[in-house]
There are 2 protein chains.
Amino acid sequence: MSKSRVALDVMGGDHGAPVTMEAAAAISRDTSINLLLVGDPDAIARGLDSHEHDPKRIEVMPAHDVIGQDEKPRKAIDTKPDASLCRAMRAAADGDASAFVSAGSTGAIVLAAARWVPKIDGVKRAALAAVYPTKERRGNPDRFALMLDVGATVRCTPTDLLFFGYMGNAYASRISKVKRPSIGLLNMGKEETKGGEVLSSAHRLMKEDEVLNFIGNLEGNDIPMGVCDVVVCEGLVGNVALKMGEGVGEVLKSVSKWAFKQNLMWKAGLTLLARGLRQLKDITDYSEYGGAPLLGFARPVLKAHGRSGARAIANAIKVAAKADRDDVCGEIARAVAEFQARVDAPSRS
Amino acid sequence: MSKSRVALDVMGGDHGAPVTMEAAAAISRDTSINLLLVGDPDAIARGLDSHEHDPKRIEVMPAHDVIGQDEKPRKAIDTKPDASLCRAMRAAADGDASAFVSAGSTGAIVLAAARWVPKIDGVKRAALAAVYPTKERRGNPDRFALMLDVGATVRCTPTDLLFFGYMGNAYASRISKVKRPSIGLLNMGKEETKGGEVLSSAHRLMKEDEVLNFIGNLEGNDIPMGVCDVVVCEGLVGNVALKMGEGVGEVLKSVSKWAFKQNLMWKAGLTLLARGLRQLKDITDYSEYGGAPLLGFARPVLKAHGRSGARAIANAIKVAAKADRDDVCGEIARAVAEFQARVDAPSRS
């Protein structure tokens, strides 16, 4: 039985220990979540000195190395086994912790999880999920949507995509309390037969599935519209689409910054427009929303954005603890096991 | 030897003959382009009656059927051989015309071209290219960029992607007069090894190629930034990314329309913002830019957007005539032939 606590990679993220320690201290004061802080002992000690915290909820695991954002992930994992990211991941894998949070290199997190944390039985490929806020939707109190995979895979089998649906379904229903999450398959057309053999087979599997509330194929323009709670896609497609949206958001930002400088009337107009622009920004800039779950492993693995401030890190810790407590991984495991039992059944009868 | 003239599917597009005939009449008056008008003879006669035109430049080919935008493309092509789209395509294939333009169903155009028009020797897969304006770039007088494929394929081989590079290169240099078009490969990371076997092999082929000015991998956010002249991608990825961009643009449009109604101050601000918003709209709404070429065939095939007005149709006709005159297809054919000669050389020596 693993200890119910979150392993935090203290050294991860653009701001490192000063920001992660501020988040950790706040979590220890304001919640009942237990933390395993993994990183440079001096940096952790300094953080604990500077922030009021509850020592009962905090344990420290020293790690004397750090993986930088720009390091090649595979090489970093291979050559720095004592990096905070690696030790924190192994702590979650070994049962020293029950969940993992880092704002470090996405590539390193994906590889470290794959190396050390067992996958859910039957799951071949994990998925990195992007969480982004959308317009209000019926039955979705958090106005949140999930897109997965956005970068852990390149191409997938139909079964991989079905399982991504289970992962998104479990996450949306347990973390965001969406009653019966609507699931869409990202494709190049609405027709069932679109997108070649893999996508049309995935469509059929998802349509016939009893667990999923499958609404059919989506096209790219449906993503920012927020037409469903969970968007399922292969990693290459999801990654490009997500970044395309970010890019359009960045162009908008630079256009409006330029406009802001032009004159006061612009300024008046822009101040008034702020609400509308913010709404668009919310949709295009998923990174502001905090943690992106890496799903398919036996433990919750949360990746916070590199730019995260203390509040975003604290949010990611809360989500990881909630995912652990509400057994998101167990729900995924049950859906996968039931699917495999159904698939195996005919050959046994 | 085929007649140097453009076959126009008069019945295609949301507005049909009234708009295409207005465009055809203007082309006959204002340019030296010859036209083969394919469609319902009565509709063509009415169009010629209503618009001043130069009869020397116009011939008519009757076609008694029409393919609607919402028809299933394959069934339409199979059951309506006398549709204006099919007859116009066959005219281009048989040498009755040297280029093809339609604002009709994209799916039907792609299938009809594949059925009747010979592919360039060695080309296995054609590519549908989206043309979109970008920020100013050095050596690109038209501020235009090309993304291909955006929907004619699902997945491709590395050689297909290299050939898409040749197609985009020929089109950008001959139609848009870009001196040495920069070519990027859409991927999920900058590193050469990203994106699995197909994309990393395509990267290697394009990097080693002497024809292409290859700048390396692009990510989704590079598309709206306009970092290069030609974006090469598989159809599924390109289609989803393009529509994601359109979707963000649509969200922006609905947000700003809503804002416009709020009050006069908003209105003042928005009027002033119009330039900035237009700039973004240009980037996200490629459809306003006129024709999308379908490349890889022995004749220029231009798809105008369904919503095209007379000016956009006329633009597409001019582009098709220019592609024919400047031998875009021949340049692609030469690049492909030279590549195959290089590939075959070692085994012959």
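Residues numbered from 1 in each chain as written. Chains lettered and ligands numbered in written order. Predicted model: local features only at pLDDT ≥ 70, side-chain atom pairs only at ≥ 80, totals over all residues.

## What about the overall build of chain A?
At step 1: Of regular secondary structure, chain A possesses 12 helices and 11 strands.
At step 2: Put simply, chain A has 349 residues, and 56% of those count as buried.
At step 3: Contacts in chain A between residues at least 24 apart in sequence constitute 72% of all its contacts with a sequence separation of at least 6. (Helix = DSSP H or I, 4+ residues; strand = E, 2+ residues; numbered from the N terminus. Buried ≥ 20, exposed ≤ 12 C-beta atoms within 10 Å, placed from the backbone. Contact = placed C-beta atoms within 7 Å.)

## Thoughts on the environment of B:Val232
All names here are of chain B.
At step 1: By the element assignment, Val232 lies in strand β9 (residues 230-232).
At step 2: For Val232, a count of 32 C-beta atoms within 10 Å gives the class buried.
At step 3: C-alpha separation for the pair Val232 and Met167, spaced 65 residues apart in sequence, amounts to 9.7 Å.
At step 4: Excluding anything up to four places from it in sequence, Val232 contacts Leu148, Leu161, Phe164, Gly165, Gly168, Ile183, Gly184, Leu185 and Leu186.

## Re the confidence of the model for chain A
Residue and element names in this part refer to chain A.
At step 1: A residue-level look at chain A finds 84% of positions with pLDDT of 70 or above and a mean pLDDT of 88.
At step 2: The low-confidence segment residues 283-288 (pLDDT under 50) makes 18 contacts with residues lying over four places distant or belonging to another chain.
At step 3: In the predicted complex, the global pTM is 0.89; the interface-specific ipTM is 0.85. (pLDDT = per-residue confidence, 0-100.)

## Considerations on helix α1 (residues 17-30) of chain B
Residue and element names in this part refer to chain B.
At step 1: Compared with an ideal rise of 1.5 Å per residue, which puts 14 residues at 20 Å, α1 spans 19 Å between its outermost C-alpha atoms and is within 8% of the ideal.
At step 2: Those residues of α1 lying buried are Ala17, Val19, Thr20, Met21, Glu22, Ala23, Ala24, Ala25, Ile27 and Ser28.
At step 3: Buried residues in α1 make contact with β1 (6-9), β2 (35-39), α2 (41-50), β3 (58-62) and α11 (310-325). (Expected span 1.5 Å × (residues − 1).)

## Describing unusual backbone geometry
Residue and element names in this part refer to chain A.
At step 1: Cis geometry marks the peptide bond from Leu148 to Asp149, where omega comes out at 5°.
At step 2: Structurally, Asp149 is set in the loop between β6 (144-148) and α6 (158-175).
At step 3: Look at Asp327: it is not a glycine, yet its phi comes out positive at around 55°.
At step 4: Looking at where Asp327 falls in the secondary structure, it is placed in the loop between α11 (310-325) and α12 (328-348).

## As for the pairing of strand β6 (residues 144-148) of chain B
Residues and elements named next belong to chain B.
At step 1: Taking burial as the measure, the five residues of β6 include five buried ones, the bulk of the element.
At step 2: Residues of β6 alternate between two faces, with Phe144, Leu146 and Leu148 on one and Ala145 and Met147 on the opposite face, all of them buried.
At step 3: Where β6 lies against β9, three bridges are found, and the strand directions are parallel. By the bridge assignment, Leu146 is partnered in β9 with Val230. (Pairing = 2+ DSSP bridges.)

## Quick look at the domain arrangement of chain A
Residues and elements named next belong to chain A.
At step 1: Assigned domains of chain A: these are domain 1 (1-123 + 296-325) and domain 2 (126-254 + 281-289).
At step 2: When each unit is reduced to the centre of its C-alpha atoms, the spacing between domain 1 and domain 2 is 26 Å.
At step 3: Secondary-structure elements contributing two or more residues to the side of domain 1 that touches domain 2 are α5 (106-116) and α11.
At step 4: Top contributing element to the side of domain 1 that touches domain 2 by residue count: α5, with four residues.
At step 5: Partitioned by chemical class, the residues of the side of domain 1 that touches domain 2 number seven nonpolar, three polar and three charged. (Domains from an automatic or database assignment. Nonpolar A, V, L, I, M, F, W, Y, C, P; charged D, E, K, R; others polar.)

## Describing the packing of α6(A) against helix α7 (residues 196-208) of chain A
Residue and element names in this part refer to chain A.
At step 1: Here α6 crosses α7 at 45°, and the two axes come no closer than 8 Å. Relative to α7, the element α6 is oriented oblique. Every pair of crossing elements has a handedness; the one defined by α6 and α7 is right-handed. Across the interface between the two elements, Pro158, Thr159, Leu161, Leu162 and Gly165 of α6 pack against Val198, Ser201, Ala202, Leu205 and Met206 of α7.
At step 2: Among the residues forming the contact of α6 with α7, the class breakdown is seven nonpolar, three polar and no charged. (Axes fitted to C-alpha atoms, helices over the stretch in contact; angles between N-to-C directions. Parallel < 35°, antiparallel > 145°, perpendicular 65-115°, else oblique. Left-handed = near helix turned anticlockwise from the far one by under 90°.)

## Regarding the pairing of strand β10 (residues 292-295) of chain A
At step 1: Residues A:Ala292 and A:Leu294 of β10(A) are buried on one face, and the alternating residues A:Pro293 and A:Leu295, pointing to the opposite face, are buried as well.
At step 2: Hairpin connection of β10(A) to strand β11 (residues 301-303) of chain A: five residues between the antiparallel strands, including A:Gly296 at a positive phi of 120°.

## Overview of helix α6 (residues 158-174) of chain B
At step 1: For α6(B), with 17 residues, the first-to-last C-alpha span of 25 Å sits near the 24 Å given by 1.5 Å per residue.
At step 2: Burial analysis of α6(B) places 13 of its 17 residues in the buried class, the great majority of the element.

## Remarks on the packing of helix α1 (residues 17-30) of chain A against α11(A)
Residues and elements named next belong to chain A.
At step 1: Two numbers describe how α1 lies on α11: the axes approach to 8 Å, and their chain directions differ by 55°. The angle between α1 and α11 falls in the class oblique. The hand of the α1/α11 crossing is right-handed. Residues Val19, Thr20, Glu22, Ala23, Ala26 and Ile27 of α1 pack against Ala310, Ile313, Ala314 and Ile317 of α11.
At step 2: Residues that form the contact of α1 with α11 fall into these classes: eight nonpolar, one polar and one charged.

## Digging into the environment of B:Ile33
Residue and element names in this part refer to chain B.
At step 1: Within the element layout of this structure, Ile33 appears in the loop between α1 and β2.
At step 2: Residue Ile33 is classed as buried on the basis of its 21 C-beta neighbours within 10 Å.
At step 3: In this structure, the C-alpha to C-alpha distance between Ile33 and Ala320, residues 287 residues apart in sequence, is 9.9 Å.
At step 4: Residues contacting Ile33, with those up to four places away along its chain left out, are Val6, Ile27, Arg57, Ile317, Lys318 and Ala321.

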